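# Coordinates in review
Chain by chain, the residues:
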Amino acid sequence: MSAPVLLWFKRDLRVSDHPALAYAASQGPVVPVYIVEPEYWRLDDVSGRQFAFLGECVRDLRQQLAKTGLSLCLRVGDAVEVLDALRVETGAHLLVSHEETGNGWTFARDKRVAAWARVQGVRWSELPQSGVVRRLDSRDGWAAKRNRFLREPQIDVPSVTPGPDLPSDDWPGLLPDDCPQRQPGGRAQALSLLCGFLTERGRDYRRAMSSPLSGEQACSRLSPHLALGTLSGREAAQATAARQREVKGTREGWGGSLKSYQARLAWRDHFMQKLEDEPAMEFRCLHSAYHGLRGDDVARRQAWEKGETGVPFVDACMRYLNATGWLNFRMRSMVQSFASYHLWLDWRQTGLHLARQFTDYEPGIHWSQVQMQSGTTGMNTVRIYNPVKQGHDQDPEGLFTRRWVPELADVPDQFLQEPWRWDGAGRLAYPAPIIDVAGAAKEARQKIWAVRKGGAFRDEAARVIEKHASRKDADGHFVNDRAPRRRKAKSDPRQLGLDL
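Here we summarise the structure given alongside this text. Please read all numbers here as calculations on a predicted model, not as lab measurements.

Rules of the game
- Residues numbered from 1 in each chain as written.
- Predicted model: local features only at pLDDT ≥ 70, side-chain atom pairs only at ≥ 80, totals over all residues.
- Heavy atoms only, no water.
- Salt bridge = Lys/Arg side-chain N within 4 Å of Asp/Glu carboxyl O.
- Helix = DSSP H or I, 4+ residues; strand = E, 2+ residues; numbered from the N terminus.
- Buried < 20%, exposed > 50% of the residue type's maximum accessible area, 1.4 Å probe, protein only.
- Axes fitted to C-alpha atoms, helices over the stretch in contact; angles between N-to-C directions.
- Parallel < 35°, antiparallel > 145°, perpendicular 65-115°, else oblique.
- Left-handed = near helix turned anticlockwise from the far one by under 90°.
- Contact = heavy atoms within 4.5 Å.
- Phe/Tyr/Trp six-rings, centres within 6.5 Å; stacked < 30°, edge-to-face > 60°.
- Expected span 1.5 Å × (residues − 1).
- Pairing = 2+ DSSP bridges.
- Right-handed = clockwise from strand over helix to strand, strands pointing away.

### Looking at the pattern of salt bridges
By the definition in use, this model includes 34 salt bridges. One salt bridge in this structure joins Arg402 and Asp413, with 2.7 Å as the shortest N-O distance. Here the residue Arg402 occupies a position in helix H18 (residues 399-404), and Asp413 occupies one in the loop between H18 and helix H19 (437-451), the gap between them amounting to 11 residues. On the basis of relative accessibility, which here comes to 56%, the residue Asp413 falls in the exposed class. A cluster of three or more residues bridged by salt bridges with shared partners is formed by Lys10, Glu37, Glu100, Arg109 and Asp110.

This is how it looks when you write it as structure tokens:
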């Protein structure tokens, strides 16, 4: 028998549409392995809710693999040390995995694994599993590349020869699950959500996704499953496309919602590509002019984290997130915008808190969005959400706000989003707002725009745009970063997001 192949599962916890599994199966007997890395779970951007969700996904993966005749080897420890021990145990000289766009820690770990593989004579084959392109030369034509990948046929579960059945470690108790209402993990859950979204829940997606009240049901809720790969992006996109063909020509409201969801899947890859192209954006402002612009007022930050800012809709969203591990996209943008502009807090500190709170933490999307909503990219429109207006718009009857901020039970409807204007505010067991909403927004706008002046700023912004702004493909299937557009000459088909 030939030497076995080590198949390293990371953020790809499935067997369907799994290029790495198919390739490993074609190379020899397969030893599938998942490594729980305790050092990773001590980082500032991870949490018990994510670890508990992961555990459910890994247990489900073990069951999926068993149906193919494979036994998942679970090991706990440093990846290099574990892989070297497996090399010695099995005699393997081929390691197969998917490419991963993770945080800075996983990037550094992968570089250590690559160095180990070179020294030990192990060939490490990393395969793409999404529309993210490694070592991308230019964003020109990226959308077309991404779309071609998503349209390729899904990879069937291969016939596989099992390698040696190795002993596994027990699942470690590293972090307590602090999220009583989080989503459960595992592929079965992902498939159920996908089916329910495409046949029932998703019909009002376009209209309902902006409100935390209606978005809870109308959104796909697939984000944590896409983040850990219990479902591939290609599976989600192709299932949506199939449903689009089914409803074409009907007047049931599905067409626009499914089109919007396809756009969201494209945005997902687009933002992950940013971190793939520039890993430092997790730690440094995309545009250097914003370095050191904000500080960290601990009292303000803790009030924001606990949902005790005195601004009801912000507090309701933060409390809901703390309890459920999820928040719809518009409200994620609002709470980050509020922290960065109204509270004038450093995006890195607030971003770490949100990363821990999201069960679906996806570093590429997260840090791109944190910077975008904090106005530090140099290419996006400065967008300061008015939390009072958002409360009226997205929770017009006050149901969401009253549920999550019960201290406001006695406040009349007309004052619910601004209880400080009610003459009974002094009797509430609810804090006064820690900032003046309108005044803080005005001051922040002046500060942020003061930076965006001068030729040096524009020159660097142009470089950021060239590297990171999205382009439409030849069919116009991709959108830009919501920045005003300046049309280039007709001979140049690219559309860059400009905000100078």
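### Examining the packing of helix H12 (residues 298-306) against helix H15 (residues 347-357)
Packing of H12 against H15 brings their axes to within 11 Å, and their N-to-C directions diverge by 25°. Taken together, the axis directions place H12 and H15 in an arrangement best described as roughly parallel. The two elements H12 and H15 cross, and the hand of that crossing is right-handed. On H15, the residues that touch Arg301, Trp304 and Glu305 of H12 are Gln349, Thr350, His353 and Leu354.

### Notes on the packing of aromatic side chains
Tallying each qualifying case throughout the model produces 14 aromatic pairs. Both rings, one in Tyr320 and one in Phe400, keep their centres 5.3 Å apart while their planes meet at 65°; by these two values the pair is edge-to-face. Of this pair, Tyr320 sits in helix H13 (residues 312-324) while Phe400 sits in helix H18, and the two are 80 residues apart along the sequence. Given the relative accessible area of 2%, Tyr320 is considered buried. Exposure remark for Phe400: the relative accessible area of 2% places this residue in the buried category.

### Considering helix H2 (residues 48-67)
Here H2 contains 20 residues, and its C-alpha end-to-end distance of 29 Å stays within 8% of the 28 Å for a straight helix at 1.5 Å per residue. Positive phi shows up at Gly69, right after H2, with a value of about 95°.

### Observations concerning the pairing of strand S4 (residues 94-98)
Burial within S4 is extensive, with 5 of its 5 residues counted as buried. Side chains Leu94, Val96 and His98 of S4 all project onto a buried face; the interleaved residues Leu95 and Ser97 project onto the opposite face, where all are buried too. In this structure, strand S1 (residues 5-9) lies alongside S4, joined through 3 bridges in parallel fashion. Its bridge partner being in S4, Leu7 is matched across the sheet by Val96. Across 5 bridges, S4 lies against strand S5 (residues 123-127) in parallel orientation. Pairing of Leu94 across the sheet is with Arg123, part of S5. As for the winding sense of the linkage, the β-α-β connection from S4 through helix H4 (residues 104-120) to S5 is right-handed.

In short, shape yes, function no, at least from these values alone.
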